[in-house]
Amino acid sequence: MRRKMAAGNWKMNGSRAALAELDAIAAQSADFDVDTLICPPTLYVSEAVTHASGNPLYIGSQDCHFETSGAHTGDNSAAMIADLGGTHVILGHSERRADHGEGSELVREKARAALQAGLTAIVCVGESEEQRLAKNTLDIIGGQLASSVPDASTAANTIIAYEPVWAIGTGRTATTYEIDEVHDFIRARLIRRFGDEGEGMRLLYGGSVKPTNAAEIFATDNVDGALVGGASLKADDFVPIIKALAAS
Ligand code: PEP
């Protein structure tokens, strides 16, 4: 039985004052039997961990370097995120793949570093609109999965997020048919490669998840939760999503 997860990606949003939302999210979602995670900008992880302490709320980051330390100006290592009390790290998000030219092999190295540091890696995969229209979705996802997920991945240390690029921040959501098809495909590939561990890995859907569409998405097979961007910034939006997940 896979435990459900509602994960929030704050991207480059938020402030120290905005961390008060964490208190509201924690207080209003305490009774829901799901894992709740917020990934603020890395600068705020330490203070976010303080807000989360004593609350059923995990705090993570949105990226890490693949080395533990060294001459990498501006970067943060997985060990540093763990040192701050972070527990998860999002890797291979399409915005990092696009903004920073990150390829799947680099994502795998980062994920490997995250696992070594004791973090849970949330590895993102997803096709562009062009790739979907060309009917290449499953080939793209299969390739990203094979190259981005390290061999050391287990059900306990790795989560996969399917995020169609065309659905992120656009207000367009994949249909439940599209989500079902891709999540079933990912599950089959994970089982083929990792056996029982692949059966146990959680699969999150991400891409314009809102309180209004969450229940329908969570009713889809092989959807174990969501990676939520814009709607995770405010408790008023995120808590109803967590509630819909708990009820699914
Ligand atoms: C994301 O940033 O991973 C995401 C899914 O964003 P949004 O929910 O805003 O589409």
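Look a little higher up for the structure.
Residues numbered from 1 in each chain as written. Predicted model: local features only at pLDDT ≥ 70, side-chain atom pairs only at ≥ 80, totals over all residues. Heavy atoms only, no water.

1. Observations concerning the sheet that holds strand S4 (residues 88–91)
Now for step 1: Reading around the barrel, the eight strands line up as S1-S2-S3-S4-S5-S6-S7-S8 and close back on themselves, with parallel pairing between neighbours. For this sheet, the mean angle separating the axes of adjacent strands, direction not counted, is 25°.
Now for step 2: Inspection of the sheet shows strand S6 (residues 158–162) paired to strand S7 (residues 202–206) by four bridges, in the parallel sense. Residue pairing across strands places Ile 160 opposite Leu 203, the latter belonging to S7.
Now for step 3: The sheet strands contacting helix H7 (residues 137–148) are strand S5 (120–125) and S6, and the helix crosses S5 at an angle near 150°. (Pairing = 2+ DSSP bridges. Helix = DSSP H or I, 4+ residues; strand = E, 2+ residues; numbered from the N terminus. Axes fitted to C-alpha atoms, helices over the stretch in contact; angles between N-to-C directions. Contact = heavy atoms within 4.5 Å.)

2. Quick look at the pairing of S6
Now for step 1: Along S6, five of the five residues are buried, which leaves the element largely enclosed by surrounding structure.
Now for step 2: Of the two faces of S6, the one carrying Thr 158, Ile 160 and Tyr 162 and the one carrying Ile 159 and Ala 161 are both buried.
Now for step 3: Of the strand pairs in this sheet, S5 and S6 are connected by five bridges, and their pairing is parallel. Each bridged residue has a counterpart across the sheet, and for Ile 122 the counterpart in S6 is Ile 159. (Buried < 20%, exposed > 50% of the residue type's maximum accessible area, 1.4 Å probe, protein only.)

3. Digging into the nonpolar core
Now for step 1: Ranked by size, the top nonpolar core spans 58 residues in total, and within it Ile 160, Ile 186, Tyr 205 and Phe 218 carry the most contacts.
Now for step 2: It is helix H11 (residues 235–247) that provides the largest number of residues to this core, a total of seven residues.
Now for step 3: Residues within four places of Ile 186 in sequence aside, it is in contact with Val 125, Ile 141, Leu 145, Ile 160, Tyr 162 and Leu 203.
Now for step 4: Counting residues in each nonpolar core, the second largest holds 11 residues, with Ala 7, Ile 90, Ile 122 and Leu 227 among its members. (Core = buried A, V, L, I, M, F, W, Y, C linked by side-chain atoms within 4.5 Å.)

4. A look at the site of the ligand
Now for step 1: Near the ligand lie 14 residues; those nearest to it are Lys 11, Glu 163, Gly 169, Ser 208 and Gly 229.
Now for step 2: Here an oxygen atom of the ligand and a side-chain polar atom of Asn 9 are 3.1 Å apart.
Now for step 3: In this structure, an oxygen atom belonging to the ligand sits 2.8 Å away from a main-chain N or O atom of Ser 208.
Now for step 4: Surface burial for the ligand is 98%, taken as the share of its 290 Å² of free accessible area covered by protein chains.
Now for step 5: Residue classes in the shell around the ligand are distributed as four nonpolar, eight polar and two charged. (Near = heavy atom within 4 Å. Polar contact = N/O pair within 3.5 Å; in protein donor to acceptor, adjacent residues only side chain to side chain. Areas by Shrake-Rupley, 256 points an atom, 1.4 Å probe, with all protein chains shown as cover. Nonpolar A, V, L, I, M, F, W, Y, C, P; charged D, E, K, R; others polar.)

5. Quick look at the environment of Glu 102
Now for step 1: You can see Glu 102 is positioned in the loop between helix H4 (94–99) and helix H5 (104–116).
Now for step 2: You can call Glu 102 buried: its relative accessible area is 6%.
Now for step 3: Considering only alpha carbons, one finds Glu 102 and Lys 234, 132 residues apart in sequence, at a separation of 29 Å.
Now for step 4: Beyond its immediate stretch of four places on either side in the chain, Glu 102 contacts Asp 63, Gly 92, Arg 96, Arg 97, Val 107 and Lys 110.
Now for step 5: One polar contact links Glu 102 to Arg 96, side chain to side chain, over a distance of 2.9 Å.

6. What to know about the pattern of salt bridges
Now for step 1: The final tally for this structure, using the stated rule, is 19 salt bridges.
Now for step 2: Across the pair Lys 110 and Asp 63 runs a salt bridge, and its minimum N-O distance is 2.8 Å. With Lys 110 in helix H5 and Asp 63 in the loop between strand S3 (58–61) and helix H3 (78–83), this pair connects stretches of sequence that are 47 residues apart. Accessibility assignment for this pair places Lys 110 and Asp 63 in one class, buried.
Now for step 3: Across the pair Glu 102 and Arg 96 runs a salt bridge whose closest N-O atoms are separated by 2.9 Å.
Now for step 4: When salt bridges that share partners are traced, they join Arg 2, Arg 187, Glu 199 and Asp 224 into one network. (Salt bridge = Lys/Arg side-chain N within 4 Å of Asp/Glu carboxyl O.)

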